[in-house]
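Next come the chains, spelled out residue by residue.
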Number of protein chains: 2
Amino acid sequence: MALRHASRLLNHGPTVLVSSVADGRRNLMAAAWSMPVEFEPPRIAVVIDKSTYTREQIVRTGMLALNIPCRALADLTYTVGSVSGRDAPMPAQDKFDRYGVASFAGPELGLPLVEGCIGWLECRVISEPHTEQAYDTFFVEAVSAQSDPRVFADGRWTMDGRHPQLHTLHHLGAGLFAVAAETVQGKVLAGSS
Amino acid sequence: MALRHASRLLNHGPTVLVSSVADGRRNLMAAAWSMPVEFEPPRIAVVIDKSTYTREQIVRTGMLALNIPCRALADLTYTVGSVSGRDAPMPAQDKFDRYGVASFAGPELGLPLVEGCIGWLECRVISEPHTEQAYDTFFVEAVSAQSDPRVFADGRWTMDGRHPQLHTLHHLGAGLFAVAAETVQGKVLAGSS
């Protein structure tokens, strides 16, 4: 898909899976806190806690991928958000292997992207040491963007109920996710003047 | 509600209404792009474009309120996101008056809060000139937090379908909103080890 549509994938606040790799070791975590900050170039802010193994990896490599999970992946999303990849007993037991997550290589950066998700962004970190330190907030720019055309095509989401398992997840807390299960079209109100 | 729960109101990425006031003139805009960055203290990042009248006001006053609209307010949310308050013909025709929006005063800062919303945060801007300029991103700290107890109480959302008109909106684009209409409870998967 066109990069100018990349930020649109995150416009409505879905929870994402952050994937990364360093020294041949992959990792995967959930992040409820992300948002676009610009459409062109496609830039995104994402909060990644100092305690995470993902943060170690992305600080080292300057790269991360944002994968957008759907209802069918609620258990995986909660699980990878609850278990640290730092605790993996050996490289063969990264979170992809441990939970049987299939992945494919991103087209620009070769990052591991999660099969079964409905959107994928490979991103380069824009170095912002102050906000990374003060707010755990990383600004990144998408350099590749892909989507599942059943729910996102031509820059538009079509979550119209034909594919209910592919609707996005929005973390309320403690593993409870809201699902973007319905849509409503807003109309411009007539002013009183 | 307790301030330690304030960020939880935005955890799942709802579209918000930003209200502000300067020199006795109120304004209201929609912002799809916001996210918490910390629970305690309750800090939030929100993108406010340089072209907006809201930005003029909050730069001047250092204060804004985040109101969380619900399905019943889809038309208002789209409308105040499409029309600039700078174009108001006179003070009596700010967007609250123009669209018949009732408001009440916030308890800490006296900001105009939107009736019919389901959550309200009064916030002070934390001055971050670089990210404001480079990414239109404002970091703010909530100093008061309130919610509609029918859908948010004791730090938890309960969007279980008893109040479908009170579920949150998530802007997909062009006035089409996803509604957080259902929920799913994630379970922790057993690892393969």
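Further up the page is the structure itself.
The text that follows walks through the structure, step by step, so that each part is easy to find. Only a predicted model underlies this, so the values are computations on that prediction, with no experimental measurement involved.

## A closer look at the pairing of strand β4 (residues 43-47) of chain A
All names here are of chain A. Counting buried residues in β4 gives 4 out of 5 residues, a clear majority hidden from the surface. Here strand β3 (residues 34-38) pairs with β4 via 4 bridges, running antiparallel. Paired with Glu38 across the two strands is Arg43, which belongs to β4. Turn length for the β3-β4 hairpin, with the two strands adjacent in sequence and antiparallel, is 4 residues. As defined by bridge partners, β4 adjoins strand β9 (residues 137-147) across 5 bridges and the pair is classed as antiparallel. The residue of β9 that forms the bridge with Ile44 is Val140.

## Examining the relation of the copies chain A and chain B
Superposition of chain A onto chain B requires a rotation of 180° combined with a translation of 0.0 Å along the rotation axis, giving an RMSD of 0.0 Å. Such a turn and shift between the copies fits a two-fold axis. Rotation axis and chain A: the residue whose C-alpha lies nearest the axis is A:Gly13, separated from it by 1.9 Å. Counting the interface residues of chain A, we find that 100% of their copies in chain B are interface residues as well, pointing to one common contact surface.

## Considerations on the side chain of B:His171
Locating B:His171 in the fold gives a position in strand β12 (residues 169-173). A polar side-chain atom of B:His171 sits 2.9 Å from the main-chain amide nitrogen of B:Gly175. With residues up to four places along the chain from it excluded, the contact list for B:His171 reads A:Asn11, A:His12, B:Thr15, B:Ala32, B:Leu176 and B:Phe177.

## Overview of the pattern of salt bridges
Residues and elements named next belong to chain A. As enumerated under the stated definition, the model contains 18 salt bridges over all chains in all. Residue Arg60 pairs with Asp23 through a salt bridge whose shortest N-O separation is 2.3 Å. Separated by 37 residues along the polypeptide, Arg60 in helix α1 (residues 53-61) and Asp23 in the loop between β1 (16-22) and β2 (25-31) bring together distant segments of the chain. Asp23 carries the same exposure label as Arg60, and that label is exposed. The salt bridge partner of Glu141 is Arg43, with a shortest N-O separation of 2.9 Å.

How each quantity is defined
By convention here, each chain's residues receive numbers from 1 onward along its written sequence. As a convention, the first chain written is A and the first ligand written is 1, with the rest following in written order. Local features in this predicted model are restricted to residues whose pLDDT is 70 or higher, and side-chain atom pairs enter the listing and the counts only when it is 80 or higher, whereas totals over whole chains, interfaces and linings include all residues. In computing side-chain values, all of the structure's heavy atoms are included and hydrogens and water are not. Relative accessibility thresholds used throughout: buried, under 20% of the residue-type maximum; exposed, over 50%; partly exposed, between the two (1.4 Å probe, protein chains only). Each helix is a run of H or I in the DSSP string that is no shorter than four residues. Each strand is a run of E no shorter than two, and both are numbered from the N terminus. By the convention used here, strands pair only if DSSP detects at least 2 bridges between them. Least-squares superposition aligns the copies on the C-alpha atoms of those residues with pLDDT at or above 70 in both. Note on contacts: a residue pair qualifies if any of its non-hydrogen atoms lie within 4.5 Å across the two residues. Whenever two N or O atoms come within 3.5 Å, that pair is a polar contact, provided that in protein one can donate a hydrogen and the other can accept it, and provided that, for residues adjacent in sequence, both atoms are side-chain atoms. Any Lys or Arg side-chain nitrogen located within 4 Å of an Asp or Glu carboxyl oxygen qualifies as a salt bridge.

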